[in-house]
Amino acid sequence: MAPHPLDPLTAEEILTASRLIRENHQSAHGWIFNSITLQEPPKHELAPLLLEESSLENVELSRKAFVLLIEKLSGTVYEVVVNLTDGAVERFEKVPPGFQPTLSPEDCFESERIVRESTEVKERCRKLGLDNMDLVTADPWSVGYNAEPEFENRRLVQLFMYTRNFEGDNHYAHPLPFVVVVDIITGEVVSIDDLPCHTDFKPRPEEPLSIPATPNNYDPDFLPPETLRTDVKLLEVLQPEGPSFSINGNEIQWQKFKIRVSFNYREGLVLHNIRYEDEGKVRPLFYRISLSEMVVPYGDPRPPYHRKCAYDIGDYGLGFCANSLALGCDCLGTIKYFDGILNNHEGEPVTIKNAVCLHEEDVGILQKHTEYRTGKAVVSRSRRLVLSFIATVVNYEYAFYWYFYQDATIGFEVKATGELSTNLIADGADPRGHGTVIFPNVSAQYHQHIFCMRMDPMIDGLQNSVTVTDVKALEQGFGSEENPYGQGFTLIESPLSSTKQSVTDVQALTNRTWKISNSSSIHPYTRKPVGWKLIPSGAAFPSLLAGPESWIRKRAGFATHSVWVTKHKDEQLYAGGLYINQSKGGEGLIKWVEDDENVEDEDIVFWHSFGVTHIPRVEDFPVMPIESTGFTLKPNNFFTTNPGVDVPPPRSSKSKLAELYLGATKCH
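Predicted model, so just to flag it, every value in this text is computed and none were measured.

About the cut-offs
- Residues numbered from 1 in each chain as written.
- Predicted model: local features only at pLDDT ≥ 70, side-chain atom pairs only at ≥ 80, totals over all residues.
- Heavy atoms only, no water.
- Helix = DSSP H or I, 4+ residues; strand = E, 2+ residues; numbered from the N terminus.
- Rg over C-alpha atoms; globule rule 2.2 N^0.38 Å.
- Areas by Shrake-Rupley, 256 points an atom, 1.4 Å probe, with all protein chains shown as cover.
- UniProt positions renumbered as here; feature names shortened; annotations may be inferred.
- Patch = residues over 30% accessible without salt bridge, like charges linked within 9 Å, V, L, I, M, F, W, Y side chains within 5 Å.
- Salt bridge = Lys/Arg side-chain N within 4 Å of Asp/Glu carboxyl O.
- Buried < 20%, exposed > 50% of the residue type's maximum accessible area, 1.4 Å probe, protein only.
- Disulfide = S-S within 2.5 Å.
- Pairing = 2+ DSSP bridges.
- Axes fitted to C-alpha atoms, helices over the stretch in contact; angles between N-to-C directions.
- Contact = heavy atoms within 4.5 Å.
- Core = buried A, V, L, I, M, F, W, Y, C linked by side-chain atoms within 4.5 Å.
- Arc of directions from axis to C-beta.
- Phe/Tyr/Trp six-rings, centres within 6.5 Å; stacked < 30°, edge-to-face > 60°.
- Lys NZ or Arg CZ within 6 Å of the ring centre and 35° of its normal.

**Brief notes about the overall build of the chain**
- In terms of regular secondary structure, the chain is built from 8 helices and 30 strands.
- Computed over C-alpha atoms, the radius of gyration of the chain comes to 27 Å, within 12% of the 26 Å expected from 2.2 N^0.38 for 668 residues, which places it in the range of a compact globule.
- On the principal axes, the C-alpha backbone points of the chain span a range of 85 × 80 × 60 Å.
- With an accessible surface of roughly 30600 Å², the chain has 51% of that area assigned to carbon and sulfur atoms.

Shown next, in the form of structure tokens:
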């Protein structure tokens, strides 16, 4: 059976793409296959077919692979398009110097190997009393861009250094006072910089520093058994009749929703062609949704910490960093897993087993009303469908969750956990207002996590518009004709007509939301366009705190505002541009909106930036409990009734009174 046009590349297709490139374009040095991923069909060709719910069996849409190649030794980057249907290389173009693709898992391992084998690094460690390099660890970070001449036009990784007391020991409790920058093409150490460990700005390499040796572990294998809780009783999630979803290839059907999923090296999980069945008719909602980019800037201004900033999607790739999920640990209940098929540097397929988890959850009450006159209560419990994956990006884990509810609500949540990126602090020193001392001689710096979601809507069709809505009190005061008792308020709706005008921000005081609507689909009751609204999470958007002249801000323009709307273009997938690793900035959303195109009644893309500013706590160590952020999408005068009104009352017979286990309480 032929793959659906939006299905990820198969293992065979990845092998075919790399083979065709080698056969048609040979290199004396050899190729590094940085990424091989599906080039999706043009939207103007595929979307009309999806809207018609047409069978795609007889539709001729070529399967294509988009490949980023790096030539060994020279480091030259090439963009390649391989037509898998025709067996031909359609495009093979050299990328100008200064643009670097994503760092792959192999790049990260290679950078740590270079560090461990470096004579200079070994000597540094020896002076700190560390003779066993097997216990020295190096966390690979992208180096960013800061106009440093020695870093120009090189493929670099910076590595923050740690040690362990023993294999498996939590190395974040033992930071070292230097950072190493390596060139992963030449295999060289480019620089070694001392880190400031005192209160002032200047490192003091001449002053001896004590590496913290006290262990602080989270792994139960390294904790005394008597310290683990013994009062956590077994909790099982059982579905004796099986799940309520059905699967056809990569398409999911659940409670009137239809959703297609795919997975790639950069965005990880991608949602396609989201539809909802309403009164016997399937209505389109979103063509494509994915997490487009994110930035994690650190706020310590002391060099070389000015380089400490990660763009985790463009720098590392969420798919490359995805976990193989474990049954009964990462997801509970009756589980369906989807594998992720990516590639390695040799152009061979690599399968991440169980990369995406699909399951259902009970989430309390969906709706309830008690007729107090009779005492009759009508209640429905809420169930949601959960699509999730988890990425480990060096120290942090990001758990990404899409939620679909029976009232047609769609939610997205990021749960950040894992390890704080720690740094050494000298005896008696202070983090100088840029971090928290979380353990003796160990500090964790203040930082932000800002995400940007790309949503390609098709609310009842491809031509959509966006309105920003604010709730405001009526200006006329007590005694006026329009507001005689002074309590009146109203909704102000402001259309966003152009890309520049669309750049807007969360306003907690006015309960601001954004409505995506279709002017050709009029609601029979309101006589206004039907729509869906974005409800941001939290009271305020943690706008990027890096200053206007900083390189971080130039590269992360998408993180400076909450909402952007652009006219759809197939190639505009990444909010910071295709090449954000070591980029100089100025690409992506901040460039695209400058065209000031019309976005009313157009095929549009809706971008939402959101996140958290993380001020570490002592309680975030030795492993961090989750910190979450996200947003909600709700139908807004889209249906003619509550779409969950037909959810029947609960019928579980498994609930029990706790007294059966606790014993009856005696009265005296």
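**So, the UniProt feature "domain: Copper amine oxidase N3-terminal" (unreviewed entry) in the chain**
- Under the present numbering, the feature "domain: Copper amine oxidase N3-terminal" (unreviewed entry) in UniProt falls on residues 102–194.
- Across residues 102–194, helical content stands at 24% and strand content at 32%; the span's end C-alpha atoms are separated by 27 Å.

**Examining a nonpolar patch on the surface**
- Taken together, Leu657, Leu660, Tyr661 and Leu662 make up a surface patch of nonpolar side chains, about 570 Å² in accessible area.
- Its location among the elements puts Tyr661 in helix H8 (residues 659–662).
- The class for Tyr661 is exposed, based on a relative accessible area of 66%.

**Quick look at the state of the cysteines**
- Per the stated rule, a full pass over the model turns up 1 disulfide.
- Disulfide pairing places Cys331 opposite Cys357 at an S-S distance of 2.3 Å. Note that Cys331 is positioned in the loop between helix H5 (312–315) and strand E15 (336–343) and Cys357 in strand E16 (residues 349–371), a separation of 26 residues in sequence.
- Classification of Cys357 as buried rests on a relative accessible area of 0%.
- Summary of cysteine pairing: Cys108 is not part of a disulfide, and the nearest cysteine sulfur, belonging to Cys321, is at 6.9 Å.
- Residue Cys108 is classed as buried on the basis of its relative accessible area, which comes to 14%.
- Free cysteine Cys309: the closest other cysteine sulfur is in Cys452, separated by 15 Å.
- The class for Cys309 is buried, based on a relative accessible area of 3%.

**Notes on the pattern of salt bridges**
- Tallying each qualifying case throughout the model produces 41 salt bridges.
- Arg19 is the partner of Glu23 in a salt bridge, and the nearest nitrogen-oxygen pair spans 3.2 Å. Placement of the pair is Glu23 and Arg19 together in helix H1 (residues 11–24), with a separation of 4 residues, close to one helical turn.
- We note a salt bridge from Lys353 to Asp339, for which the minimum N-O separation is 3.2 Å. With Lys353 in strand E16 and Asp339 in strand E15, the pair connects residues that are 14 residues apart, well separated along the chain.
- According to the relative accessible area criterion, Asp339 is partly exposed, its value standing at 34%.
- Ionic contacts of the salt-bridge type, sharing partners, join the residues Glu40, Glu267 and Arg288 into one network.

**Observations regarding the sheet that holds strand E22 (residues 442–445)**
- Spatially, 3 strands are ordered E20-E22-E21 in an open sheet, and the strand pairing comes out antiparallel. Edge positions in the sheet fall to strand E20 (422–424) and strand E21 (435–439), since each has one partner strand and no second. Adjacent strand axes in the sheet meet at a mean angle of 40 degrees when their direction is disregarded.

**A closer look at the side chain of His171**
- Mapped onto the secondary structure, His171 falls in the loop between strand E6 (156–163) and strand E7 (175–183).
- With residues up to four places along the chain from it excluded, the contact list for His171 reads Thr137, Asp139, Tyr162, Thr163 and Arg164.

**A look at the nonpolar core**
- Residues Trp402 and Phe404 are the most contacted members of the largest nonpolar core, which totals 136 residues.
- The greatest single-element share of this core, amounting to 7 residues, is contributed by strand E13 (residues 281–297).
- If you look at the next biggest cluster of nonpolar residues, it comprises 16 residues, including Leu9, Trp31, Val67 and Leu69.

**A few points about the sheet that holds strand E4 (residues 88–94)**
- Here 4 strands make up an open sheet; going across it, the order is E1-E2-E3-E4 and the pairing antiparallel. Two strands close off the open sheet at either side, each with one partner strand: strand E1 (31–39) and E4. Pairs of neighbouring strands in the sheet enclose a mean axial angle of 20 degrees, with direction left out of account.
- Here E1 pairs with strand E2 (residues 64–71) via 8 bridges, running antiparallel.

**Re the pairing of strand E28 (residues 563–567)**
- Among the 5 residues in E28, 4 count as buried, and that is most of the element.
- Pairing geometry for E28 and strand E29 (residues 604–614), over 5 bridges, is antiparallel. Looking at E29, one finds that Thr566 is bridged to Val605.

**Digging into the side chain of Ser562**
- By the element assignment, Ser562 lies in the loop between helix H6 (551–555) and E28.
- Residue classification places Ser562 among the buried positions, given a relative accessible area of 0%.
- Beyond its immediate sequence surroundings of up to four residues, Ser562 is in contact with Thr504, Asp505, Val506, Trp514, Phe541, Trp607, His608 and Ser609.

**A word on helix H2 (residues 43–51)**
- Of the residues making up H2, those classed as buried are Lys43, Leu46, Ala47, Leu49 and Leu50. End-on, the buried residues of H2 take up no more than an arc of 165 degrees, which puts them together on one face.
- Close packing links the buried residues of H2 with strand E12 (268–278), E13 and strand E23 (447–457).
- Where H2 ends, the next residue or the one after it, Glu53, has phi of about 55 degrees, a positive value.

**Some points on the packing of aromatic side chains**
- Scanning the model with the defined rule gives 31 aromatic pairs in all.
- On the numbers, 5.9 Å between centres and 85 degrees between planes, the contact of Phe263 with Phe389 is edge-to-face. Of the two residues, Phe263 is situated in strand E11 (residues 257–264) and Phe389 in strand E17 (residues 376–393); the sequence distance between them amounts to 126 residues.
- Residue class for Phe263 comes out buried when judged on its relative accessible area of 6%.
- Connected via pairs of aromatic rings, a cluster forms that spans Phe263, Phe389, Tyr396, Tyr398, Phe400, Trp402, Phe412, Phe451, Phe610 and Phe631.
- Sitting over the ring of Trp141, Lys308 keeps its end group 5.4 Å from the ring centre.

**A look at the environment of Val80**
- By the element assignment, Val80 lies in strand E3 (residues 77–83).
- A relative accessible area of 0% means that Val80 is categorised as buried.
- Considered as a pair, Val80 and Glu12 are 68 residues apart in the sequence and their alpha carbons are 18 Å apart.
- Beyond its immediate stretch of four places on either side in the chain, Val80 contacts Ile21, Ala65, Phe66, Val67, Leu69, Val89, Arg91 and Phe92.

**A word on unusual backbone geometry**
- Residues Pro303 and Pro304 are joined by a peptide bond in cis, for which omega reads 5 degrees.
- Looking at the element boundaries, Pro304 is found in the loop between E13 and strand E14 (309–310).
- Across the junction of Phe621 and Pro622, the peptide omega takes the value 15 degrees, indicating a cis bond.
- For Pro622, the position within the fold is in the loop between E29 and strand E30 (624–636).
- A positive phi angle, close to 60 degrees, is found at Arg527, a residue other than glycine.

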